[in-house]
Amino acid sequence: MHRPRPRHTVLLSSLTPAGSSLGFALATGVVGITAFSVGQEAMVAWGWRIPFLLCLPLTLICLVVRLGLEDSPEFRRVSPQAAAQRRPVREVLSGHRGALVVVTVLAFALNAVGYIGLTYVSGFLQKTHGFSTGFASTFSAVVIAISCVIGMPLGGILTDRFGRRPVCIISTAVIAVLALPTFLLMGSTSNVLLIGVAYTAIMILNAVQTVSGFSLYTSIFPTRVRYTGTAMGHNLGLIIGGGFTPYITAQLVLWTGSAVSPAYWMIAGSILGILAVLASSRITDSIPDSMAATTAVTEPSPTAREAV
C-alpha cells in the first residue's frame, strides 16, 4: 500500500483538528438557525434547549465511529505482551513529566485563544453592536468554517515545510501582537466586512498554531505512551484553557468594564504557549519534523556517497 511521503504528514494530520473546528462551526450555526426559527424571545425562554437535545443522537453516532477506528501502524508494531504489561499513566507521570507539562501548557494556550473566538466573540458582537443572537451565531459559524478550511491546511503545509516549533512560535507570537488591536477594531466599527476580516484573521492564526501544536504534542512522547501522554496533557490544558475561558472572559469584562479585556487573556495564553514550545526543545523528538524526515529520505548518507 502506498504511504504518504514524509513531507505531507502534518498536512494530512491537519484533517483531525479541522474536523473538530468544523464541528464548532456547525454547532454555532445550529444555534443561529434555531434562533432565526423560533425568534429571539422564544430562544431565551426555551429554544436554547433544542441544540442540546440534538447532541444526543450525535453522541451515539460518534461513539459508533470511534469504536470502529483502527490503531496506527506504529501502535500495531508495539508488542502486545509489552502493551499488556505496561502502566502508561504511571510511566507518563514518572518518566515523561516534562513532556506532560509542555503539552498541558501548550494545550492551555491553544484553547485560551481558540475558545475566545469560538464562544466569546458571538456574545461580544451582540452586546457591542446589538446584533441578534441568530445573526451573531451564524456570522461566527461562517467565520469559524472559513478559518478552518483555510487555516488548518495552511498550518499543515507550513509545518511540513518549516518545522513544528518555528510555525507554532511565530503564529502564537503574531496572535499575541494582534489580539488587542483586533478586539479594538471589532469594537470600534459596526462594518460587518471589517469585523469579519479581523475575526477571520485571528482564527486562521489559531488554526495554524493548533496544527503545529498538535504535531508537537505527539512528537515528544514515545509510541508506547503517546496516546496516554497526549490525551492527559491535552485534556488538562483543555479544561483550564477551554473550560474556564468563558468564565475568565466574563470576569475580565466585569472587573475592567471593557468588552475588549479578554484580549489580555489571549496574550497571556500566547506567552505561556511560546515558553512551552521553547521548553519542548529540550525533549528528544520521537517523531522528527517532516522537513528532517524528508531530508533523511532524499539525501544519501556519507557512507552511500563514498560508495558511489
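In short, a report on the structure. Numbering of residues starts from 1 in every chain and runs along the sequence as written. Local features in a predicted model are, by the rule used here, given only for residues with pLDDT of at least 70; side-chain atom pairs are given and counted only at 80 or more, and totals for whole chains, interfaces and linings are based on all residues. Each side-chain value is derived from all of the structure's non-hydrogen atoms; neither hydrogens nor water enter the calculation.

**A short note on the overall build of the protein chain**
Here's step 1: Within the protein chain, the secondary structure is distributed over 16 helices and zero strands.
Here's step 2: Split into buried and exposed, the 308 residues of the protein chain put 42% on the buried side.
Here's step 3: Contacts in the protein chain between residues at least 24 apart in sequence constitute 85% of all its contacts with a sequence separation of at least 6.
Here's step 4: Per-residue and other accessible areas follow the Shrake-Rupley method at a 1.4 Å probe size, with only the shown protein chains counted as cover for residues. Surface summary for the protein chain: the accessible area is close to 16600 Å², and the carbon and sulfur share equals 70%. Strands here mean DSSP runs of E at least two residues long; helices mean DSSP runs of H or I at least four residues long; both are numbered from the N terminus. Buried, partly exposed and exposed residues are distinguished by accessible area as a fraction of the type maximum, computed with a 1.4 Å probe on protein chains only: under 20%, between the cut-offs, and over 50%, respectively. We call two residues in contact when some of their heavy atoms are within 4.5 Å.

**Focus on the packing of aromatic side chains**
Each aromatic ring pair is summarised here by two numbers: the centre-to-centre distance and the angle between the ring planes.
Here's step 1: Here the aromatic set is Phe, Tyr and Trp, taking the six-membered ring for Trp, and pairing holds for ring centres within 6.5 Å; pairs whose planes are under 30 degrees apart are stacked, those over 60 apart are edge-to-face, and all others are tilted. For the structure shown, the criterion picks out eight aromatic pairs.
Here's step 2: Here Tyr120 and Phe124 contribute two aromatic rings whose centre-to-centre distance is 5.9 Å and whose plane-to-plane angle is 35°, an arrangement assigned as tilted. Here the residue Tyr120 and the residue Phe124 both occupy positions in helix H8 (residues 97-129), the gap between them amounting to four residues, near one helical turn. Of the two residues, Tyr120 and Phe124, both sit in the buried class.
Here's step 3: One aromatic cluster in this structure is built from Phe131, Phe135, Phe139 and Tyr199.
Here's step 4: Whether a charge sits over a ring comes down to the Lys NZ or Arg CZ being within 6 Å of the ring centre and within 35 degrees of the ring normal. We note Arg161 situated over the ring of Phe162; from NZ or CZ to the ring centre the distance is 5.0 Å.

**Things to note about a nonpolar patch on the surface**
Here's step 1: On the surface, a cluster of nonpolar side chains totalling about 490 Å² of accessible area is made up of Leu236, Ile239, Ile240, Phe244 and Tyr247.
Here's step 2: Examining the composition of the nonpolar patch, we find that three residues originate from one element, helix H12 (residues 223-243), more than from any other.
Here's step 3: Within the element layout of this structure, Leu236 appears in helix H12. Patch definition: residues with relative accessible area over 30% and no salt bridge; like charges joined within 9 Å; nonpolar side chains (Val, Leu, Ile, Met, Phe, Trp, Tyr) joined within 5 Å. Every case where a carboxyl oxygen of Asp or Glu lies within 4 Å of a side-chain nitrogen of Lys or Arg is listed as a salt bridge.

**Observations concerning the packing of H8 against helix H11 (residues 192-219)**
Here's step 1: H11 packs onto H8 with a crossing angle of 160° between their chain directions and a minimal axis gap of 9 Å. Overall, the two elements H8 and H11 adopt an arrangement that is roughly antiparallel. In terms of crossing hand, the pair formed by H8 and H11 is left-handed. Between H8 and H11, the residues in contact are Val103, Leu106, Ala107, Ala109, Leu110, Val113, Gly114, Gly117, Leu118, Val121, Leu125 and His129 and Ile195, Tyr199, Met203, Asn206, Gln209, Thr210, Gly213, Phe214, Leu216 and Tyr217, respectively.
Here's step 2: Within the contact of H8 with H11, the residues separate by chemical class into 15 nonpolar, seven polar and no charged. In this analysis, axes come from line fits to C-alpha atoms, helices being fitted only over the stretch in contact, and the angle between any two N-to-C directions falls in the range 0 to 180 degrees. In what follows, roughly perpendicular refers to angles from 65 to 115 degrees, roughly parallel to angles under 35, roughly antiparallel to angles over 145, and oblique to any angle outside these ranges. Put simply, a crossing is left-handed when the front helix is turned counterclockwise from the back one by less than a right angle, and right-handed when it is turned clockwise. Here the term charged refers only to Asp, Glu, Lys and Arg, the term nonpolar to Ala, Val, Leu, Ile, Met, Phe, Trp, Tyr, Cys and Pro, and the term polar to all other amino acids, Gly among them.

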